[in-house]
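Spelled out, the chains give:
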Amino acid sequence: MAVAKQRSSFSGRIGFVLAAAGSAVGLGNLWRFPYLAAKYGGGIFLLVYIILALTFGFALMTAEIAIGRKTGLSAIGAYKKLNKKFGFVGWLTSVVPMIILPYYCAIGGWVTKYLATYISGQATAAAEDSYFTGFISQTWSPIFWFCIYVALTAVIVLFGVQKGVEKASKLMMPILAVLSVVVAVYSVTRPGALEGVKYYLLPDFSSVTPSSLLLTIVAAVGQLFYSMSLAMGIMITYGSYMKKEDDLNKSVAQIEICDTGFAIIAGLMVIPAVFAFSGAAPQEAGPGLMFQALPKVFASMGFGSLFGAAFFLLVLFAALTSSISLMETVVSIFQDKFGWNRKLTCLLVTAGCLGVGLLSCFGYSIWSDFKILGLQILDFFDFISNNVLMPIVALLTCIFVGYVVGTKVVADEVKLSSKFRREKLFKVMIKYIAPVFLVIILVSSVLDVFGVITL
Ligand code: PFF
C-alpha cells in the first residue's frame, strides 16, 4: 500500500496494520512463495519458513518499525539520527527497492496479461503447457504488458491517489483471501492432488542432507525478507507514521500472521495443482509455476474464465499495492536527496524502471542465452537483492541494534505502547542467532553462485 506523502500518522492501529500488510502481501506471497516451496523440499521449506517467520522475521520487523517510530524518519535519516556512523546503512537499504521495482513490474506485466487473457474468455488456451513459455519468449508482447503495468503504478504514484488505493485494498484484500481459500479447496480436492498436499504439508526428513537443509534455509530467509518487506527500509518508513500509543507488538504479530497466512494458502492453491495436472516434478519449479499451474485449475472448473479473471484481477491489485510502495520509496529517496520536484522525480524513476525492467523481459526472449553467474537476468536481480543485499542490510541492522544503540532502545520504544511479548527471544535473535545465521547464509549463497561450493 502506498505511503502518505507528508509525515502524517495512520488513522489508527488498524490503518497501520492494513497498510503494512498491503505492502507485505503481494507477488512475494502468491507468485514467489509457492515456487520456492515446491523447489526446496515442500514440507521442509514450509516448516523452516514458519519457524523463521516467528523468530527472525518477528525480531527484524519489530526492530525496523521501532526504529522508524522512534526517529520519525525513513531509513536514510533514521539510521543517521541514531548514530552518525551508521548513516550508510540507510543508503544501502535504499538500493534494494531500486533493484526490486523493475523486475517486480515485469512479473506484474505477466499478471496483467493473464487478466486480459481471462477477460477475453481464453481459459482453455491459458491452460496449455506452452502458453506461458510461448508468451514470455516473445520479444514484444511481455514488454507491452510490462509497460502497461509500470504505467498503472506510475499513474497512481504520480497523482497520489493513495486514499482511493487504501480504500480499495481494504475491500480487495479480504476478497482475495476468500477467493484464494475457494481455489485452494478446489485444487486440493482434485484427483491426484493429495500427493501434492502431502509433499507441501508433511516434511520429509528422510531426504534431508546438511547441504539441502542449508539451501532450503538460504531460500527461506531470502523469501522472508522479500515477503515481509524487510531489510529495504519500508517498515522503518511505515513505523515513522505510527502513533506512539498504538500497540506495536500486536501489530507486528498481526502482519506476520497475515503475510504468512497468504503465503501458505497460495502454496495450497498451486502445489497440489501441479501434482494433479502436470505430474510431479516439483524440484524443477521456477518463476512460471503460478502461471502454469493455476490456469489448469481454472480450466477444469465451471465458469473458469470468470474465476480466472477475478483471481488475476485480485492478484494484480495485491501486486499494485506493493509496487506502489516500492516506487513511492524510490521516488522519495531521490526527492529528499536531490530536492527534485515530485513530478520530475516520478518520471525519471519510471524511465529508469522501464529501462532496467526491459532487461528482465529480454532475459526470457532475445537474451535468453545471456546468463550472469549462471542466472537468467530476472533471477540475477532477484538473487542480488534477496540473497546478497538484504542479508547484508539485515546483518548491519542486527549489529546496529544489538551492539551500537542497544536492544533497549527498541524494547523501550515497544513498551511505550504495550508489554513486550517475546522480548527475550528478540534480544537473543538480534544479538546472537541472527548475525551468525546471516553470515553463514551470505557466505554460502555467494560461494554457491560462484561455483566454489555446490549446495
Ligand atoms: N512484500 C512484497 C511481496 O511480498 O510481494 C514485495 C515488496 C513490496 C517488497 C514492497 C518491498 C516493498 F517495498
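Scroll up to find the structure this text is about.
Because the structure is predicted, anything quoted here is derived from the model rather than measured.

Q: Just to check I follow, could you spell out unusual backbone geometry for this structure?
A: Negative phi is the rule for most residues except glycine; trans is the rule for most peptide bonds. Phi is positive for Ser-229, which is not a glycine, with a value near 55°. Position of Ser-229 relative to the elements: it lies in the loop between helix H11 (210-227) and helix H12 (234-240). Classification of Ser-229 by relative accessible area gives buried; the value is 5%. Within the chain, Phe-303 stands out as a residue other than glycine whose phi angle is a positive 55°. Its location among the elements puts Phe-303 in the loop between helix H14 (289-300) and helix H15 (304-338). By relative accessible area, Phe-303 is classed as exposed at 66%.

Q: I keep staring at the nonpolar core and nothing clicks. Help me out?
A: Across soluble globular proteins, nonpolar side chains have a tendency to be buried as a group. Membership of the largest hydrophobic core comes to 158 residues, with the highest contact counts inside it found for Trp-31, Phe-56, Trp-110, Phe-225, Phe-291 and Phe-312. No other element matches the 16 residues that helix H3 (residues 43-71) contributes to this core.

Q: What is the right way to look at the packing of aromatic side chains in this model?
A: Pairs of aromatic rings are described using the distance from one ring centre to the other and the angle between the two planes. Counted according to the given criterion, the structure contains 32 aromatic pairs. Taking the centre distance of 5.5 Å and the plane angle of 80° together, the rings of Trp-110 and Phe-291 count as edge-to-face. Highlighted residues: Trp-110 in helix H5 (residues 87-119) and Phe-291 in helix H14, separated in sequence by 181 residues. Owing to a relative accessible area of 3%, Trp-110 belongs among the buried residues under this scheme. Overall, Phe-291 belongs to the buried group, its relative accessible area being 0%. Between the aromatic rings of Tyr-114 and Tyr-131, the centroid separation amounts to 5.7 Å while the plane-to-plane angle is 85°, which identifies the pairing as edge-to-face.

Q: Can you help me understand H15 in this one?
A: At 3.6 residues per turn, the α-helix brings residues three or four places apart onto the same side. Taking 1.5 Å of rise per residue, 35 residues should cover 51 Å, and H15 covers 50 Å from first to last C-alpha, within 8% of that figure. Positioned one or two residues after H15, Gly-339 has a phi angle of 70°, which is positive.

Q: I tried to follow the environment of Leu-354 on my own but got confused; where do I start?
A: As for its placement among the helices and strands, Leu-354 is situated in helix H16 (residues 342-362). Ignoring sequence-local partners within four residues, the contact set of Leu-354 consists of Phe-146, Cys-147 and Val-150.

What counts, and at which threshold
Residues numbered from 1 in each chain as written. Predicted model: local features only at pLDDT ≥ 70, side-chain atom pairs only at ≥ 80, totals over all residues. Heavy atoms only, no water. Helix = DSSP H or I, 4+ residues; strand = E, 2+ residues; numbered from the N terminus. Buried < 20%, exposed > 50% of the residue type's maximum accessible area, 1.4 Å probe, protein only. Core = buried A, V, L, I, M, F, W, Y, C linked by side-chain atoms within 4.5 Å. Phe/Tyr/Trp six-rings, centres within 6.5 Å; stacked < 30°, edge-to-face > 60°. Expected span 1.5 Å × (residues − 1). Contact = heavy atoms within 4.5 Å.

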